[in-house]
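Structure assessment
Read off the chains here:
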Amino acid sequence: MLDKVGIAKRIAREIKDGYYVNLGIGIPTLVANYIPVGINVVLQSENGLLGMGPFPYEGEEDPDLINAGKQTITTIPGSAFFDSAMSFGMIRSRKVDLTILGAMEVADNGDIANWKIPGKMVKGMGGAMDLVASAKNIIVAMQHVNKANESKLLTKCTLPLTGVHCVKKIVTELAVLDVTPQGFKLLECAPGISVEQIKNATEGRLIIEGNIPEMQIQ
Amino acid sequence: MNKTVANANEAIKDMKDNITIMLGGFGLCGIPENTIAALVKKGVKGLTCISNNAGVDDFGIGLLLKTRQVKKMISSYVGENAEFERQLLSGELEVELIPQGTLATRCLAAGYGMPAIFTPAGVGTEVAEGKETRKFLVEGHEKEFLMEYAFDADYAIVKAWKGDTQGNLIYRETARNFNPMMAMAGKITIAEVEELVPVGELNPDHIHTPGIYIHRIFKGVNYEKRIEQRTVRKKQ
């Protein structure tokens, strides 16, 4: 079973040279730490920056320079600032190659729910609805089951939707899956996890074809 | 043409209760601190605030919430604010949550003189309820879009880094965020700047918001520029 870092490391392997990537809050943010050496990517922060660098050194924080999670950050050579309309313009016009975000539930038709739990304080969708409605490629980092051991990979989302028919790939603590027109297609099992365990943890349609390899994580 | 006013109090002196105002900023970054303080002091009530976020309990728009001056918030994300949550749950505060890109583009549309936009954000979700939709061809496939209206705001309040007395503005780093679109979208736009220079000192090539959109400008004082999430790394 993977921990959060393991999920981030596995997702990092999906990033290709030359990609512009938007990372959501949580596990997706960790992905930046594991981008393979020699792969050049530009990270987009939807508050208005392309070329997000690492956190600043202590004492060098700049209140005018934050990411979408409101954390202090830095720029890198080649960075560019822009306003929020242009930021979502480049997202909507599919210039951003890959969006990585978290989810509470994903359905086997690619629907995603990640912004609202009825009965709990709603903080808002932020840029998530814009991102999922337009992204060319969406990878979701999530837990396969909730604390009650119930599947979060469903036939139909139970929570209010963030977007429809949009998720392309999912990496969980148990597996890597593609979302296909026929349902979730199992691609890889996490180390030490059997296909049977993944079957039991997946409520939505699950396609298992041939031998399923184990995830390779450095 | 000189649009300079003495300070924030002067800039908002004609504001009345029950108006709609836009406030620039993302989180606490690039927010019009001086004008928010002046609004608290003036005590105008029943405000509808269009702003991406709602500040924190003791800073930013949080200050206006504490004094119950806000009737309605139109935002994309309102976490990090306990008083906000209390007023929302008790029904004292009305909240309309809209996707961040939709928020930005509805401001842009207002400033560009376009009555509405079509966006895919929110299609198939509760955001789409009751809204007109239309299908367009995108990369050879039919895709559904929502029609969203341009905002109609009485005032826009923005924060820039530098400005000249004619209202030309330059923003700094990610403090730009919503400020340029909101600057264009207010019937009356008020700009507060860290540095106010005479006309001719800013390079015309560097101006982000042309002064035509700005009605009043003043040099702000005592900027706190609070950091919401201080994240650092250690020097090796």
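Only a predicted model underlies this, so the values are computations on that prediction, with no experimental measurement involved.

Strand order in the open sheet formed by 3 strands is E7-E6-E9 (chain A), and the pairing between neighbours is mixed. Across the chains shown, the open sheet's two edge strands, defined by having one partner strand only, are strand E7 (112-113) and strand E9 (153-154) of chain A.

In this section: the packing of aromatic side chains. Applying the stated criterion to the full structure yields 2 aromatic pairs over all chains. With centroids separated by 5.2 Å and ring planes inclined at 70 degrees, the aromatic side chains of Phe118 of chain B and Phe136 of chain B adopt a geometry described as edge-to-face. Remark: Phe136 of chain B occurs in strand E6 (residues 133-138) and Phe118 of chain B occurs in strand E5 (residues 116-119); sequence separation between them is 18 residues. The exposure class assigned to Phe136 of chain B is partly exposed, which follows from its relative accessible area of 29%. If you follow Arg106 of chain B out to its NZ or CZ, it ends over the ring of Phe151 of chain B, 4.0 Å from the centre. Looking at Arg233 of chain B, its charged tip hangs above the ring of Tyr57 of chain A, at a distance of 4.0 Å from the centre.

Before going further, it helps to spend a moment on the side chain of Lys169 of chain A. Residue and element names in this part refer to chain A. Relative to the helices and strands, Lys169 resides in strand E10 (residues 169-171). On the accessibility criterion, Lys169 (14% relative accessible area) is buried. Beyond its immediate chain neighbours, meaning those up to four positions away, Lys169 contacts Glu14, Ile138, Ile139, Val140, Val176, Leu177, Asp178 and Leu187.

With 52 residues of chain B at the interface, the matching set in chain A holds 48 residues. Summed over both partners, the interface of chain B with chain A comes to about 4400 Å²; 59% of that surface belongs to carbon and sulfur atoms. Contact with chain A buries surface across chain B, with Thr174, Thr231 and Arg233 of chain B losing the most and accounting together for 16% of the total. Where chain B meets chain A, there are 8 salt bridges. One salt bridge in this structure joins Glu60 of chain A and Lys235 of chain B, with 3.4 Å as the shortest N-O distance. Breaking the side of chain B that touches chain A down by element, the ones donating at least two residues are helix H4 (82-89), helix H5 (100-112) and helix H6 (179-185) of chain B. Ranked by residue count, the leading element in the side of chain B that touches chain A is H5 of chain B, at 6 residues. Across the side of chain B that touches chain A, the residue classes tally to 21 nonpolar, 16 polar and 15 charged.

Criteria and thresholds
Residues numbered from 1 in each chain as written. Chains lettered and ligands numbered in written order. Predicted model: local features only at pLDDT ≥ 70, side-chain atom pairs only at ≥ 80, totals over all residues. Heavy atoms only, no water. Pairing = 2+ DSSP bridges. Helix = DSSP H or I, 4+ residues; strand = E, 2+ residues; numbered from the N terminus. Phe/Tyr/Trp six-rings, centres within 6.5 Å; stacked < 30°, edge-to-face > 60°. Buried < 20%, exposed > 50% of the residue type's maximum accessible area, 1.4 Å probe, protein only. Lys NZ or Arg CZ within 6 Å of the ring centre and 35° of its normal. Contact = heavy atoms within 4.5 Å. Buried area = accessible area lost by both parts, 1.4 Å probe. Salt bridge = Lys/Arg side-chain N within 4 Å of Asp/Glu carboxyl O. Nonpolar A, V, L, I, M, F, W, Y, C, P; charged D, E, K, R; others polar.

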